[in-house]
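The primary structure of each chain is shown beneath.
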Amino acid sequence: QSLKALKEGDTIEFTGPLGNLDFNPEKPAVMFAGGIGITPFRSIVSQHFIQAEPQRIHLHYANRSESDVPFLAELESVAEYDPNFKMTNLLSEKGQRLDADYVKDQVARSLPETIFYIVGPPGMVKDVREALKAAGVPEDRIKAESFVGY
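All chains use their own residue numbering, which begins from 1 and follows the written sequence. Given that the model is predicted, a residue must reach a pLDDT of at least 70 before its local features are reported, and side-chain atom pairs must reach 80 or more before they are shown or counted; all residues, however, enter totals for whole chains, interfaces and linings. For side-chain calculations, the full set of non-hydrogen atoms in the structure is used, while hydrogens and water are omitted.

Caption draft 1: Local environment of the packing of helix H1 (residues 38–50) against helix H2 (residues 72–81). Two elements in contact, H1 and H2, have axes separated by 11 Å at closest approach and are oriented at 35°. Where H1 crosses over H2, the two elements pack in a sense that is left-handed. In this structure, H1 uses Ile-38, Arg-42, Val-45, Ser-46 and Phe-49 to contact H2, whose residues at the interface are Glu-74, Leu-75, Val-78 and Tyr-81. Geometry is summarised by axes, namely lines fitted to C-alpha atoms with helices restricted to the contacting stretch, and by angles between N-to-C directions that run from 0 to 180 degrees. Only DSSP runs of H or I reaching four residues or more are called helices, and only runs of E reaching two or more are called strands; each is numbered from the N terminus. Crossings are sorted by hand: turned counterclockwise from the far helix by less than a right angle, the near helix makes the crossing left-handed, and turned clockwise it makes it right-handed. By definition, residues are in contact when any of their heavy atoms lie within 4.5 Å.

Structure follows, in C-alpha cells:
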C-alpha cells in the first residue's frame with residue numbers, strides 16, 4: 001500500500017530480502033498465506049512448477065477481496081497446469097475465513113508427514129499456528145513467518 005502512494009522521484013530506503021522460511025521440498029506442503037504474505041510462497045510455487053516437482057502443495061490464500069489478491073492470475077495458471085499444486089482463494093468479502101475450523105479441516109485432509117507453512121500478518125500467523133497446534137500438528141511440522149508493516 002505504501003508503494004502505491006509513491007510519486008515519481010520519491011526516494012525510498014529498504015532492506016532485504018529477509019526471513020528464514022525453511023521449505024522442505026521432499027514433504028507434502030499445506031501453505032496458509034495472508035495478503036502479501038504470498039511472496040515467499042510465490043517463489044516456492046514457481047520453482048516447483050519449473051522443476052516439475054512431484055511434491056503435493058495446497059495453498060490457502062486469504063485476502064479481503066479479489067482486487068486485493070497479488071499474483072492471482074499467475075497462481076491460477078500454475079494450478080491449471082501443475083497437477084501437484086492446488087490453490088484455494090479465500091475472500092473475506094464473500095464470508096470466507098481462514099479460521100480455526102477451516103484450519104482443522106485442512107489438517108484432517110492432510111497426510112501425516114505434511115509440513116504446514118504460514119506467512120502473513122502477525123495476527124493471522126498466530127491464529128493459524130494456534131489452530132494447527134489445537135488440531136494436533138506437532139510444532140516441528142509448523143513453519144511460520146510474519147510480515148509486519150503493511
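Caption draft 2: Here's a closer look at the pattern of salt bridges. Note on definitions: salt bridges are taken to be side-chain nitrogens of Lys or Arg within 4 Å of carboxyl oxygens of Asp or Glu. With the rule as written, the count across this model stands at five salt bridges. Across the pair Glu-130 and Lys-126 runs a salt bridge, and its minimum N-O distance is 3.1 Å. Taken together, the positions of Glu-130 and Lys-126, both in helix H4 (residues 122–134) and four residues apart, correspond to about one turn of that helix. When a residue's accessible area, from a 1.4 Å probe over protein chains only, is under 20% of the maximum for its type it is buried; when over 50% it is exposed; and in between it is partly exposed. Look at Lys-126 and you get partly exposed, because its relative accessible area is 48%. The residue Lys-133 makes a salt bridge to Glu-139 at a minimum N-O spacing of 3.5 Å. Classification of Lys-133 as partly exposed rests on a relative accessible area of 43%. A single salt-bridge network, built from bridges that share partners, covers Arg-129, Lys-133 and Glu-139.

Caption draft 3: Structural detail: the packing of aromatic side chains. Two aromatic rings from Phe, Tyr or Trp, using only the six-membered ring of Trp, form a pair when their centres are within 6.5 Å; if the ring planes differ by under 30 degrees the pair is stacked, by over 60 it is edge-to-face, and anything between is tilted. Following the criterion strictly, the structure yields one aromatic pair and no others. Where Phe-23 meets Tyr-117, the ring centres are 5.2 Å apart and the plane angle is 40°; that geometry is what we call tilted. Placement of the pair is Phe-23 in the segment before strand E1 (29–34) and Tyr-117 in strand E4 (residues 115–120), with a sequence separation of 94 residues.

Caption draft 4: Region of interest: the layout of surface pockets. Here a cavity denotes grid points, spaced 1 Å and computed from the protein atoms alone, that fit a 1.4 Å probe unable to get out, and a pocket denotes an open set having protein on both sides within 12 Å along at least 5 of 7 lines; residues with an atom within 4 Å of a point are the lining. Grid points are joined across faces, edges and corners, and a volume is the space filled by probe spheres set on the points. In this structure, the second largest pocket encloses a volume near 320 Å³. Taken together, the elements giving at least two residues each to the lining of the second largest pocket come down to E1, strand E2 (57–63), strand E3 (85–91) and helix H3 (100–109). For this classification, the nonpolar set comprises Ala, Val, Leu, Ile, Met, Phe, Trp, Tyr, Cys and Pro, the charged set comprises Asp, Glu, Lys and Arg, and every other residue, Gly included, is treated as polar. Classifying every residue of the lining of the second largest pocket gives six nonpolar, five polar and three charged.

Caption draft 5: Representation of the sheet that holds E3 in the model. The pairing criterion is simple: DSSP has to find at least two bridges between the two strands. Judged by pairing direction, the sheet is parallel, and its five strands sit side by side in the order E3-E2-E1-E4-E5 without closing on themselves. The outermost strands of the open sheet, each flanked by one partner alone, are E3 and strand E5 (142–146). Going from strand to strand, the sheet's axes swing by 10° on average, the running direction of each strand aside. Pairing geometry for E1 and E2, over six bridges, is parallel. Looking at the pairing, Met-31 lines up with Leu-59 of E2. Sitting on the sheet, H2 touches E2 and E3, and the angle it makes with E3 is about 140°. Contacts from H4 reach E1, E4 and E5 within the one sheet, and its direction differs from that of E4 by about 160°.

In short, geometric facts, not functional conclusions.
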